[in-house]
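Residue strings, one per chain:
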Amino acid sequence: MTQTENVVGDRVLVAVQAINISRLSTHPVPTVPGTLIVVAGAGPKDSNGAGKSSFIAAITALLGDEQWRFASGAKAVSELLFNAELAAHGDQQWASADHGYIIGVFDVPSAGLPMTVWLRVNREAPYLEIRWTESVRLAAGASEADRVTRSDEVWTQLPRSAGRRDVVARDLTRVLYGDRVRCVSFLSTSVRSKVATNLLSQPLNEISPERIFEAIAALTGLDAELDQEREARRDEHAKRVRAAEASDRLREFESESESLLAAFDRRDQARVQLASALRCWRGRLARRFADAADRDERLDAELAVSRDAAEAASDAIAALREEIATLKDDSLDRALASARRELAQIQARAAKLEADRAVAQSTADGLRSQMPALEELRRQADGRDVAAAERETAAARRRVDEALKSLGVADREAETARAALDDAENGPAAAQLAALAGRGVAAASLLDAIDAAEQARDASTGGPAAGLLASRTWPHEHAVIVDGADLAAAAHALAELPGSVLVSSTGVTVVGAFESAVTGREARVKAAEQRLHRARDAQDRASAAVRQAEAEMDESARRAEGARAAVRLDDVRDRLSTQRELLAGLHAAAGELAPTLDAAEESVSALDFRARTRDMEIERLEGRRARFEADRARAREQADRTAAERQALDIEGLTAEWGSPVEEARDWLAAEESLTADEWWRGAERHLDAALRGGFGDSAETGDEMPEELAFLVKERRGGRTAEELATFPAVCAALGSYLRGQEEYERHRRRQIETQLSSRRRDLETATRGAEDAAQSTAVHRAALTEAIRARLARVAEEFEKLDVGYGGYGATLDFPVPAAPADPEQRWSWRVVPKWRRGDGQGFVPYNRRANTALMDEKAVKLVCAAAIASSGGGHLTLVLDELGRNLGKEHRREAVALFRRIGEMHGITVIGALQDDMEPYAIDACGQYVKLRRSSDAMPYNEPPIIVGHDRHAERVRMLADWVTRPRAAS
């Protein structure tokens, strides 16, 4: 049966190979488990650009670090693929990789049970596919391109990991590692979907308690459990929302049902109101018929009086029109218009003069404001003109250039002396062989050329080569073999290397003279050191000369700026004088124009007064004429209204509506209430409106639910005109009555349906309410369990923190983590607070981490806290802790101790600590680590890194031999 979970088991990572991952080399990189592995870099300029972050990020993806969000598809892992846009340099162009591989070899220590896991990283979904095989199976080839091509071939040969398909990202951690946490990390790379707080990236006391908890949660695997708690709250919230929606639907239906039942009751009342409306309509007809007959007699007398008043008003209007025509003469208007045109011209001239004066004044003010600054700059010239100052600047610049050239020569000499000193300090005959190669002389080291038998190498055998090989001292270590014909040229080439020995067919020649045979190397080293000291002294003098020349150039530039300011100051003074002359001329012109402007204004004012007096008289007469015209119009209107009113009475139409003579109408009224026609009409209208509202409710105003015929009649009736309302009243009553009679059967059927629906919706509400209560109870139980789990995990971290602190020079440390209340928002993460505390002396109390303390103490506690969290998360199994920019925040005096502490803790607790280094950390970490990996890329023109440098020691020899056998086997067999 194929194992589907935890296929890696107890194996640990012993080698990694990256194909098309960033710009990493495709060479396999062995790793030593259970120690500190430091990853350094050598990019085109410094360690940046060598791919350290991409390398350790690929390892975290291979080991199932949950910060990659595997459950969501791990899309961020695809950002690790080789990107041509980021790699482009100059005219160099490469194609972006659409897929790549992260390959890991796992092995059980001292057991020789290797397994190779292949992660295929795709640009498009699925972003991760996983296959594995029970052997060492890497991509081999003579070049980077061959290994890339070979990787696709090997992938196709590997068996599918899930039958007909491959395991994808969401199942990676379960299938490869089961429920065990195999990797935790602090990465600063931008390709991560979530970057956890790095407790080593800044002083510990600058990190908030909430962020400290987030960091510990990431290291101990609590992130997933916190996300599960949030999902439980989301589920509870969703079920509560569904219960509320069911309640709202029930209330809505009950409200609708009540509305329907109320509508049915209203329609019963509507039938009663409709009958009352028809009776009131009959009373209105009778009252209108009787009242119209009485009114017709009175209107006939009023008509004669209105016609007489209209004729008297017409005579008075004719007399006023003649008087107004005499006053309306246009000679005064023409004179006033001419005077106003002349005044406007003079005002325009005055306005232009004022505008010109404002512009000139503003220009003069601006010029005056520039003068103080220019005066201040002019003082810097020290009496020099522009030409002299610029000559001094040019001379100073030449001196700077000469000093920089001298500094460049001194720098090159220092580099040459440093290289010579390195050559003198290197191994046997290295300097001699390099000097001879530079002169084109073929040579070989004497010690390298001797090939004695194995028994001859033992000094105890007394062989002829025993004495030579037993002691690798002068002259043998500086002796080189040359051809006899090249002896003179070789001696000349080694003239600067005293103590060198030349061996040829003509004999042995010693170059140079010294006191004893064993001091040749020391003399060369001393000479090289003296040369380096002289070169550095010359370099310091050249640097001082550059600084002096640059200071003189700055001073000459300041004087040149002052000289140019003096020229600008003279120009500003000339322009200011010109503006002052212009202002004087404008003031004089404005003074000459003022008397003419005053005279024109007085003329216009006098003519305007006369025109206003005439207009007031005409207005008074027009007012009288308008009043007489109004009186005449009112008289005529009154006559017209009277005639129209008589016609509107429509005695013949009223007789036809009533259907009998007026006497019968008067008799009907005598038997009923004594109401006017309007009162009868308002009653009929009121009863009809009540019937419409009873039949259609609020929609009676809009007519949306009415039958088409009734809606049309109601719309016409409510058009705002009483005549239309009266005309449509009988038809509306008839249509409404027909509608109410047709609704009776429908209402009985709807009452039965409402009762059935109410029962069903009440059952749905009970079900949703029980679901919400069950979800709330489940969430509470889950939160209680998670609280205990978090407390237990944090207590475990605190316990390990205490052990590490006491075991490595401290007085004891712990963690304070009060249980916070769960957030009400289902989308909000449950935030805890962790406060580290430690003792500063024996018998003292715990002090919180955010109290003032020295930097060394903070750095030490941060390292121990990270290691404690890693130990607590391992659960007794192997764990890999990956740190980006290891020790970046640590002070120089504490870096070596911190790195050594990582190694000791890793080896003691079976934790592999992988840390990427910046340049300034490399000298401190290289001596303290268990394995050293250096990634190299010397130029941006290279698409991939050079082969990495790897130095390490694995105490499991079987594992070393296994990897060595695979690396050295013939490529065709891989």
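Here the structure is a predicted model, which is why all the values come from computation and not from measurement.

1. Here we look at empty space enclosed by the protein
And then number 1: Counted according to the given criterion, the structure contains four cavities of 30 Å³ or more.
And then number 2: When its volume is computed, the largest cavity comes out at roughly 70 Å³.
And then number 3: Surrounding the largest cavity, Val 16, Gln 17, Ala 18, Leu 24, Ser 25, His 27, Val 29, Phe 55, Leu 935 and Pro 948 form its lining.
And then number 4: When residues in the lining of the largest cavity are grouped by element, the largest group, three residues, is from strand 1 (residues 12-19).
And then number 5: Of the residues in the lining of the largest cavity, the class split is seven nonpolar, three polar and no charged.

2. Let's talk about the nonpolar core
And then number 1: Ranked by size, the top nonpolar core spans 62 residues in total, and within it Leu 199, Ile 212, Phe 213, Ile 216, Leu 815, Leu 881 and Phe 902 carry the most contacts.
And then number 2: Per-element tally for this core: the top contributor is helix 20 (residues 855-874), with 12 residues.
And then number 3: Residues Val 16, Ala 18, Ile 56 and Val 121 belong to the second largest nonpolar core, which totals 48 residues.

3. Some thoughts on unusual backbone geometry
And then number 1: The peptide bond linking Ala 125 to Pro 126 adopts the cis configuration, its omega dihedral lying at -5 degrees.
And then number 2: Inspection of the secondary structure assignment puts Pro 126 in the loop between strand 5 (115-122) and strand 6 (128-133).
And then number 3: You will see that Asn 20, though not glycine, has its phi angle at about 60 degrees, which is positive.
And then number 4: Residue placement: Asn 20 occurs in the loop between strand 1 and strand 2 (29-30).
And then number 5: Among the residues examined, Asn 20 registers a relative accessible area of 10% and is labelled buried.
And then number 6: Backbone geometry places Ala 74, a non-glycine residue, at a positive phi of 55 degrees.
And then number 7: Mapped onto the elements, Ala 74 comes out in the loop between helix 1 (52-62) and helix 2 (84-87).

4. Brief notes about the pattern of salt bridges
And then number 1: In total, this model carries 33 salt bridges according to the counting rule given.
And then number 2: A salt bridge links Glu 555 to Arg 558, with the shortest nitrogen-to-oxygen separation between them at 2.2 Å. One end of the pair, Glu 555, and the other, Arg 558, are both in helix 13 (residues 520-649), three residues apart, so they sit about a helical turn from each other.
And then number 3: Residue Glu 555 is classed as partly exposed on the basis of its relative accessible area, which comes to 28%.
And then number 4: Here Arg 575 makes a salt bridge to Asp 571, at a shortest N to O gap of 3.9 Å.

5. Let's talk about the sheet that holds strand 7 (residues 167-168)
And then number 1: In space, the six strands of this open sheet follow the order 2-1-4-5-6-7, with antiparallel pairing throughout. Of all the strands in the sheet, the pair left with one neighbour each is strand 2 and strand 7.
And then number 2: Pairing geometry for strand 1 and strand 4 (residues 99-107), over seven bridges, is antiparallel. When the bridges of strand 4 are listed, Gln 17 appears paired with Ile 103.
And then number 3: Sheet strands in contact with helix 1 are strand 1, strand 2, strand 4 and strand 5, and its direction is about 65 degrees off that of strand 4.
And then number 4: Sheet strands in contact with helix 3 (residues 144-157) are strand 1, strand 4, strand 5 and strand 6, and its direction is about 110 degrees off that of strand 5.

Conventions we followed
- Residues numbered from 1 in each chain as written.
- Predicted model: local features only at pLDDT ≥ 70, side-chain atom pairs only at ≥ 80, totals over all residues.
- Heavy atoms only, no water.
- 1 Å grid on protein atoms, 1.4 Å probe; cavity = no way out; pocket = protein on both sides within 12 Å on 5 of 7 lines; lining within 4 Å.
- Points joined across faces, edges and corners; volume = space filled by probe spheres on them.
- Helix = DSSP H or I, 4+ residues; strand = E, 2+ residues; numbered from the N terminus.
- Nonpolar A, V, L, I, M, F, W, Y, C, P; charged D, E, K, R; others polar.
- Core = buried A, V, L, I, M, F, W, Y, C linked by side-chain atoms within 4.5 Å.
- Buried < 20%, exposed > 50% of the residue type's maximum accessible area, 1.4 Å probe, protein only.
- Salt bridge = Lys/Arg side-chain N within 4 Å of Asp/Glu carboxyl O.
- Pairing = 2+ DSSP bridges.
- Contact = heavy atoms within 4.5 Å.
- Axes fitted to C-alpha atoms, helices over the stretch in contact; angles between N-to-C directions.

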